[in-house]
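The chain contents come next:
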Amino acid sequence: MPIMDHLEREPESPEDLEDDNGSDEDNFSTGKKKSALPLVHPECEKIPKEFGFHQSTRVCLQHVREALLHHRWQEAAEYMACYPQMLENTTNGTARWVKERLWRFSAEILHHHPNSKMEDYNNIYERLKHSGFRHYMMISLEHAFHILLHGDIKDAKHQLSAAESWRYGKESAAQYQKTKLVQAYRGLLDYIMWCDIKSTHTNFDDPDSTLSKNMHNSFRSASVSLQEILKTPGVWDTFILSYTEMLEFYGDHKEVLKILSDYAYDDTFPPNPNAHVYLYQYMKRQETPEKKLMKVLKHLHALVPSHELMLEYSALLLQSGEKSDIQKALAVVLEMLDFTCWRTNLDVWKRLRDIVKTIELSENWKDVVSEQMAVRKGWWPQLHFTSPHASRDCEENPELLELKSSLMA
């Protein structure tokens, strides 16, 4: 989330910020409803009879905010050196949400400050991790990301391993989810290490060699972590691709197909066009029969009718030779052309021409075409066949103009 969003938004309640074990029942017991409107936090708002400590910290926060807004990173860093005094203010649980702001502000300043060093990152993140328990997991994850930016994969993995084993109190649902997320990213680092070995060596014939053993150890470590995250409904594209790439390398095609099929068709997962793309691409590499490929693309078409793979879908439908499939191919290509992103694409118009030529061989071809164009007659001519379109096509793409003219005829 951008830093200014954190500056403007209403922070979470102190209880939520510090403790994941709180129950929602506590909120209902108060009988109060939280406003959905963005409010100015008391820390930024001047209050009556304000003096001394509260006034200085409020002014300090205003200066930090102003410096961040104008990207004056050195000035922001100087003011932030004073802001941690707010941790001493325990009234109304103020110190609890100050910890989150310290985290967000410090990370933003370090990320942009021209003189920041890795040592600065490490010092700040280690202090922040132990300033409050609620954010320990997410701060550790962010710390690992910064380490990765400096190319130290082993140190980043060490940070995630430490965070993964961290526990505080009774494990809540939120803490469990964060643990699984950290575990998944640790698995992703194992995958990167596996890729490094794979890319720098080509001979893996000897399974007992040190190289092969190291590579397989990375694979097993990554597999354990990535398997867990895939049990939780969500969008896990990067993790899916990493895991299936390793499985495919070791020839476990049955497991790859199962994972990709579950990811695409499991109703507990959110609709995800990429899931169907990954399944189709894998099945195509395995030379799966066209009927099964069309089934996958049919689901993708329902989600994204303008997807670039619809050109392949229409080709498969046309090649099948079945009357219903050819008519479906016509509908698929026309739906692609309903979107302006395909308006000048020569391949799509050529496909439409081929489909129309094939349909013309049947007796009732005019009825088939008329049915598809009936819902488009009010706006399709303005989208594709105006004089300005003809002039532009004549100048930039004469072949396209010729194609469209032949279809109009």
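Nothing here was measured: the structure is a model prediction, and the numbers come from that model.

Some points on the overall build of the protein chain
Okay, so step 1: Within the protein chain, the secondary structure is distributed over 22 helices and zero strands.
Okay, so step 2: Here the protein chain, with 409 residues, has 40% of them falling under the buried criterion.
Okay, so step 3: Counting only carbon and sulfur atoms, one obtains 53% of the accessible surface of the protein chain, whose full area is about 23400 Å².

Section: the environment of Leu226
Okay, so step 1: Positionally, Leu226 belongs in helix α11 (residues 210-229).
Okay, so step 2: When sequence neighbours within four positions are dropped, the list of residues in contact with Leu226 reads Ala184, Gly187, Leu188, Phe239, Ser242, Tyr243 and Met246.

Looking at unusual backbone geometry
Okay, so step 1: Of note in the backbone geometry, His71 takes a positive phi value of approximately 60° without being a glycine.
Okay, so step 2: By secondary structure assignment, the location of His71 is in the loop between α4 (52-69) and α5 (73-80).
Okay, so step 3: Although it is not a glycine, Glu287 adopts a positive phi angle of roughly 55°.
Okay, so step 4: With respect to the secondary-structure elements, Glu287 resides in the loop between α14 (273-285) and α15 (290-303).
Okay, so step 5: Note on Glu287: relative accessible area 71%, which makes it exposed.

Regarding the confidence of the model for the protein chain
Okay, so step 1: Residue-level pLDDT values for the protein chain average 82, and 79% of them are 70 or greater.
Okay, so step 2: The low-confidence segment residues 1-33, where pLDDT is below 50, has 57 contacts with residues more than four positions distant or belonging to other chains.
Okay, so step 3: Confidence over residues 37-43 falls short of pLDDT 50; this stretch has 15 contacts with residues more than four positions distant or in other chains.

Points about the packing of aromatic side chains
Okay, so step 1: Tallying each qualifying case throughout the model produces 12 aromatic pairs.
Okay, so step 2: Measuring from centroid to centroid gives 5.3 Å for Trp194 and Phe249, while their planes differ by 85°, and the two rings are edge-to-face. Residue Trp194 is located in helix α10 (residues 173-200), and its partner Phe249 is located in helix α12 (residues 237-249); the two are separated by 55 residues in the primary sequence.
Okay, so step 3: Aromatic pair Trp236 and Phe239: ring centres 5.8 Å apart, planes at 70°, arrangement edge-to-face.

Topic: the packing of α12 against helix α13 (residues 253-265)
Okay, so step 1: The contact between α12 and α13 brings their axes to 8 Å, and the two run at 165°. In this view, α12 runs roughly antiparallel relative to α13, as classed from their interaxial angle. In this structure, α12 crosses over α13, and the sense of that crossing is left-handed. On α13, the residues touching Asp237, Ile240, Tyr243, Thr244, Leu247 and Glu248 of α12 are His253, Glu255, Val256, Ile259, Leu260 and Tyr263.
Okay, so step 2: Of the residues belonging to the contact of α12 with α13, the class tally is seven nonpolar, two polar and three charged.

Description of helix α9 (residues 153-164)
Okay, so step 1: Taking 1.5 Å of rise per residue, the 12 residues of α9 would be expected to cover 16 Å, and the 16 Å separating its terminal C-alpha atoms lies within 8% of that figure.
Okay, so step 2: Those residues of α9 that fall on the buried side of the exposure criterion are Ile153, Ala156, Gln159, Leu160, Ala163 and Glu164. The buried side chains of α9 occupy one side of the element, clustering within an arc of 135° when seen end-on. For α9, the exposed residues set more than 90 degrees away from the buried face come down to Lys154 and His158.

Things to note about the side chain of Asp237
Okay, so step 1: Tracing the backbone shows Asp237 in helix α12.
Okay, so step 2: Of the side chains bearing the opposite charge, Arg285 lies closest to the buried Asp237, which forms no salt bridge; the N-O distance is 14 Å.
Okay, so step 3: Non-local contacts of Asp237, meaning those with residues more than four positions away in its chain, are made with Tyr263, Asn272, Asn274 and Tyr278.

Examining the pattern of salt bridges
Okay, so step 1: Here the structure, examined in full by the defined rule, presents 14 salt bridges.
Okay, so step 2: For the salt bridge of Lys258 with Asp262, the shortest nitrogen-to-oxygen distance reads 3.0 Å. Taken together, the positions of Lys258 and Asp262, both in helix α13 and four residues apart, correspond to about one turn of that helix.
Okay, so step 3: For Lys258, a relative accessible area of 47% translates into the label partly exposed.
Okay, so step 4: Among the ionic pairs, Asp354 bridges to Arg353, the shortest N-O distance being 3.5 Å.
Okay, so step 5: Since its relative accessible area comes to 27%, Arg353 is described here as partly exposed.
Okay, so step 6: Taken together, the shared-partner salt bridges connect Lys157, Arg186 and Asp190 into one network.

Looking at the packing of helix α7 (residues 118-129) against helix α8 (residues 136-149)
Okay, so step 1: Contact pair α7 / α8: the axes reach a minimum separation of 9 Å and the direction vectors enclose 170°. By the angle class used here, α7 and α8 are roughly antiparallel. Every residue of α8 that contacts α7 at Met118, Tyr121, Asn122, Tyr125, Glu126, Leu128 and Lys129 is listed here: Tyr136, Ile139, Ser140, Glu142, His143, His146 and Ile147.
Okay, so step 2: Taken together, the residues of the contact of α7 with α8 break down into seven nonpolar, four polar and three charged.

Examining helix α22 (residues 398-408)
Okay, so step 1: Looking only at α22, the buried set comprises Leu400, Leu403 and Lys404. Along the axis of α22, the buried positions cluster into a sector of 95°, meaning they face one direction only.
Okay, so step 2: Where α22 is buried, its residues touch α18 (346-359), α20 (380-384) and α21 (387-396).

As for the nonpolar core
Okay, so step 1: Among the nonpolar cores identified, the biggest contains 62 residues, and Trp236, Met246, Leu337, Leu352 and Ile355 are the most heavily contacted of them.
Okay, so step 2: Top element by residues in this core is helix α17 (residues 323-337). It accounts for eight residues.
Okay, so step 3: Once residues lying within four places of it in the same chain are set aside, the contact partners of Met246 are Tyr191, Trp194, Phe219, Ala222 and Leu226.
Okay, so step 4: Grouped together as the second largest cluster of nonpolar side chains are 19 residues, Cys60, Leu61, Leu102 and Ile109 included.

Rules behind the numbers
Residues numbered from 1 in each chain as written. Predicted model: local features only at pLDDT ≥ 70, side-chain atom pairs only at ≥ 80, totals over all residues. Heavy atoms only, no water. Helix = DSSP H or I, 4+ residues; strand = E, 2+ residues; numbered from the N terminus. Buried < 20%, exposed > 50% of the residue type's maximum accessible area, 1.4 Å probe, protein only. Areas by Shrake-Rupley, 256 points an atom, 1.4 Å probe, with all protein chains shown as cover. Contact = heavy atoms within 4.5 Å. pLDDT = per-residue confidence, 0-100. Phe/Tyr/Trp six-rings, centres within 6.5 Å; stacked < 30°, edge-to-face > 60°. Axes fitted to C-alpha atoms, helices over the stretch in contact; angles between N-to-C directions. Parallel < 35°, antiparallel > 145°, perpendicular 65-115°, else oblique. Left-handed = near helix turned anticlockwise from the far one by under 90°. Nonpolar A, V, L, I, M, F, W, Y, C, P; charged D, E, K, R; others polar. Expected span 1.5 Å × (residues − 1). Arc of directions from axis to C-beta. Lys, Arg positive; Asp, Glu negative; His and termini not counted. Salt bridge = Lys/Arg side-chain N within 4 Å of Asp/Glu carboxyl O. Core = buried A, V, L, I, M, F, W, Y, C linked by side-chain atoms within 4.5 Å.

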